[in-house]
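What follows is each chain in one-letter form.
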Amino acid sequence: MTWDERVYLDYAATTPVADRVIRAMLPFFGGTFGNPSSVHFEGQQAEAALEEARERIARALGAKPREIIFTSGGTESDNLALRGIALAEHQRRGAYRILITPVEHHAVSATARQLQDVFGFIVDYVPVDSYGRVDPDDLRGLIDSSTALVSIIHANNEIGTLNPIVELAAVCAEKGVPFHTDAVQSVAHLRLDVRALGVSALSIGAHKFYGPKGVGALYVRQGTSILPIQTGGAQERGLRAGTENVPLIVGMAEALEWTLETLDQETQRLRALRDHLIEGILNTIPRVRLTGHPIERLPNHASFAFENVEANALLMYLDHAGFACSSGSACKTGNPEPSEVLQAIGFTSQWAMGGLRVTLGRGTTQDHIERFLGVLPAAVEKCRVVSRVN
Ligand SMILES: *Cc1c(COP(=O)(O)O)cnc(C)c1O
């Protein structure tokens, strides 16, 4: 099989860098290589590129330029939001509780857990329904004066479900508690306006929207208390020390604009392909369920649970047949563990070990979907294991 014949259906894991983005970055590796903090001409040129990228990203998200903090990616943005805001709120008013959901990305959940285990915070979990959505009234009932921060994922990476961020942010605003959302999966598919969403902080990462890996941003609404978690120089208004990665930041700005230019047509195209894929799978394969919300989900995202199928075996079979997919959870080796997210939305381990995530993107064609539908039934059949509990 050649690379041309391979079918990539894992755009939620990462996306290829768009040609236009590569071209936009190139001058900043060699020609315009200055350090944005330097006083001289070379430094000023780099600083101008950095600030222009900040303005472009701010404009695309409905933010002010000074509200955009550049980071090394979605993970760092989540770390800065959680640790930075929790520590600031603790210092300011003694708040010590962090509210998250059981379906967060590990960049949020592991950071919250460290704040509990090492820094003395208490992590509470807002319940989610069988689609992975939070009810704003449940959130309202859990916030009190000891709550330092609420963090709830916007679009779930594993099951695609969208949370009602406007309503959730409004509850936090009413209670005077900062609200962060991980929107890393959303940017490629939804028009985000941080002001309309009403959030205090929002994470993005460029490689999920056709930008380079290793760069991201955290929007922090003006007036939000936050401490740096990486200390040193005064870059990024003292909130993220270290010389900025100018080429990658320029690439992220270009990628965001490129993505938004054709977002509406692309959303329609992908939603139609995705719905055809979901229908094809649910109609031809026994003992399968769609995971996540049937409507309130990312337009490119399909995810399933198969009873008594080992996800990794299925992924390897599909890989050999030329298809790149994911289980949605990050367990790559070792003992197959049932997905925490699928268990959190009520699947038993017989189902939760059989997650499959199929995510579409700019390179996906109708032919890809037909070919995938052609191989999946046999793949699932091959990977069904005999139930241990009968
Ligand atoms: C990919 C992803 C991250 C991590 O982003 P990186 O840029 O890879 O560090 C965080 N949250 C969600 C929801 C993601 O999908």
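Note that this is a predicted model, so its numbers are computed, not measured.

## A closer look at the overall build of the protein
Argument step 1. For the protein, the helix and strand inventory stands at 13 helices and 12 strands.
Argument step 2. Projected onto its principal axes, the C-alpha positions of the protein cover 65 × 50 × 35 Å.
Argument step 3. Considering only residue pairs separated by 6 or more positions, the protein has 75% of its internal contacts joining residues 24 or more positions apart.

## Focus on empty space enclosed by the protein
Argument step 1. Applying the stated criterion across every chain, the model contains four cavities of 30 Å³ or more.
Argument step 2. Roughly 100 Å³ of internal volume is contained in the largest cavity.
Argument step 3. Looking at the largest cavity, it is lined by 12 residues, and the ones nearest its centre are Ala311, Ser327, Ser329, Glu337 and Met353.
Argument step 4. Per-class residue counts for the lining of the largest cavity are five nonpolar, five polar and two charged.
Argument step 5. Considering the residues around the second largest cavity, the lining is formed by Ala188, His189, Tyr210, Leu263, Glu266, Thr267, Leu270, Gly361 and Arg362.
Argument step 6. Class assignment of the residues belonging to the lining of the second largest cavity gives a composition of four nonpolar, three polar and two charged.
Argument step 7. For the lining of the second largest cavity, the two domains that each supply at least three residues are domain 1 (3-15 + 263-389) and domain 2 (19-261).

## A short note on the pattern of salt bridges
Argument step 1. Summed over all chains, the structure comprises 20 salt bridges.
Argument step 2. Asp275 is the salt-bridge partner of Arg274, the closest N and O atoms lying 2.8 Å from each other.
Argument step 3. What makes Asp275 partly exposed here is its relative accessible area of 36%.
Argument step 4. The structure contains a network of salt bridges with shared partners spanning Arg20, Arg56, Glu254, Glu257 and Glu261.

## A word on the site of the ligand
Argument step 1. Taken together, the neighbourhood of the ligand is formed by Gly73, Gly74, Thr75, Asp78, His105, Ile153, Asn157, Asp182, Val184, Gln185, His207 and Lys208.
Argument step 2. Contacts to the ligand include His207, whose side-chain N or O atom sits 2.8 Å from an oxygen atom.
Argument step 3. Element by element, the count of residues in the shell around the ligand is highest for helix H3 (residues 74-93), at three residues.

## Some remarks on the packing of aromatic side chains
Argument step 1. Applying the stated criterion across every chain, the model contains six aromatic pairs.
Argument step 2. Ring geometry for Tyr210 against Trp258: centres 5.3 Å apart, planes inclined by 65°, an arrangement best described as edge-to-face. Taken together, the residues Tyr210 in the loop between strand S7 (201-205) and strand S8 (216-220) and Trp258 in helix H8 (residues 246-261) connect sequence positions 48 residues apart.
Argument step 3. Residue class for Tyr210 comes out buried when judged on its relative accessible area of 6%.
Argument step 4. Looking at Trp258, the relative accessible area reads 22%, which means it is partly exposed.
Argument step 5. Consider the rings of Phe347 and Trp351, whose centres lie 6.5 Å apart with planes at 50°: the pair is tilted. Considered together, Phe347 and Trp351 belong to a single accessibility category, that of buried residues.
Argument step 6. The ring of Trp351 is capped by Arg289, whose NZ or CZ atom sits 5.8 Å from the centre of that ring.
Argument step 7. The ring centre of Trp258 lies 4.7 Å from the NZ or CZ of Arg362, which sits over that ring.

## Observations regarding a nonpolar patch on the surface
Argument step 1. A contiguous nonpolar surface patch, about 300 Å² in accessible area, is contributed by Ile22, Leu26 and Phe29.
Argument step 2. On the secondary structure map, Ile22 appears in helix H1 (residues 19-25).
Argument step 3. Using a relative accessible area of 37% as the deciding quantity, one classes Ile22 as partly exposed.

## Some thoughts on unusual backbone geometry
Argument step 1. The phi torsion at Arg287 lies on the positive side, around 50°, for a residue other than glycine.
Argument step 2. Here Arg287 lies in the loop between helix H9 (263-284) and strand S9 (288-290).
Argument step 3. Exposure remark for Arg287: the relative accessible area of 43% places this residue in the partly exposed category.
Argument step 4. Backbone geometry places Asn308, a non-glycine residue, at a positive phi of 55°.
Argument step 5. On the secondary structure map, Asn308 appears in the loop between strand S10 (301-306) and helix H10 (311-320).

## Comments concerning the sheet that holds S10
Argument step 1. Across the sheet, which stays open at both edges, the three strands sit in the order S9-S10-S12 with antiparallel pairing between neighbours. Here the strands that pair on one side only, and so sit at the sheet edges, are S9 and strand S12 (355-359). The sheet shows a mean angle of 25° between the axes of neighbouring strands, direction not considered.

## Topic: the sheet that holds strand S6 (residues 179-182)
Argument step 1. Strand order in this open sheet of seven strands is S2-S8-S7-S6-S5-S3-S4, and the pairing throughout is mixed. In this open sheet, the two edge strands, each paired with only one partner strand, are strand S2 (68-71) and strand S4 (122-125). Across the sheet, the axes of successive neighbouring strands diverge by a mean angle of 20°, strand direction being ignored.
Argument step 2. Of the pairings in the sheet, the one linking S2 to S8 comprises four bridges and is antiparallel in character. Bridging from a neighbouring strand, Phe70 pairs with Ala217 of S8.
Argument step 3. Across the sheet, H3 touches S2, strand S3 (97-100), strand S5 (147-151), S6, S7 and S8, and the angle it forms with S5 is around 160°.

Rules and cut-offs
- Residues numbered from 1 in each chain as written.
- Predicted model: local features only at pLDDT ≥ 70, side-chain atom pairs only at ≥ 80, totals over all residues.
- Heavy atoms only, no water.
- Helix = DSSP H or I, 4+ residues; strand = E, 2+ residues; numbered from the N terminus.
- Contact = heavy atoms within 4.5 Å.
- 1 Å grid on protein atoms, 1.4 Å probe; cavity = no way out; pocket = protein on both sides within 12 Å on 5 of 7 lines; lining within 4 Å.
- Points joined across faces, edges and corners; volume = space filled by probe spheres on them.
- Nonpolar A, V, L, I, M, F, W, Y, C, P; charged D, E, K, R; others polar.
- Domains from an automatic or database assignment.
- Salt bridge = Lys/Arg side-chain N within 4 Å of Asp/Glu carboxyl O.
- Buried < 20%, exposed > 50% of the residue type's maximum accessible area, 1.4 Å probe, protein only.
- Near = heavy atom within 4 Å.
- Polar contact = N/O pair within 3.5 Å; in protein donor to acceptor, adjacent residues only side chain to side chain.
- Phe/Tyr/Trp six-rings, centres within 6.5 Å; stacked < 30°, edge-to-face > 60°.
- Lys NZ or Arg CZ within 6 Å of the ring centre and 35° of its normal.
- Patch = residues over 30% accessible without salt bridge, like charges linked within 9 Å, V, L, I, M, F, W, Y side chains within 5 Å.
- Areas by Shrake-Rupley, 256 points an atom, 1.4 Å probe, with all protein chains shown as cover.
- Pairing = 2+ DSSP bridges.
- Axes fitted to C-alpha atoms, helices over the stretch in contact; angles between N-to-C directions.

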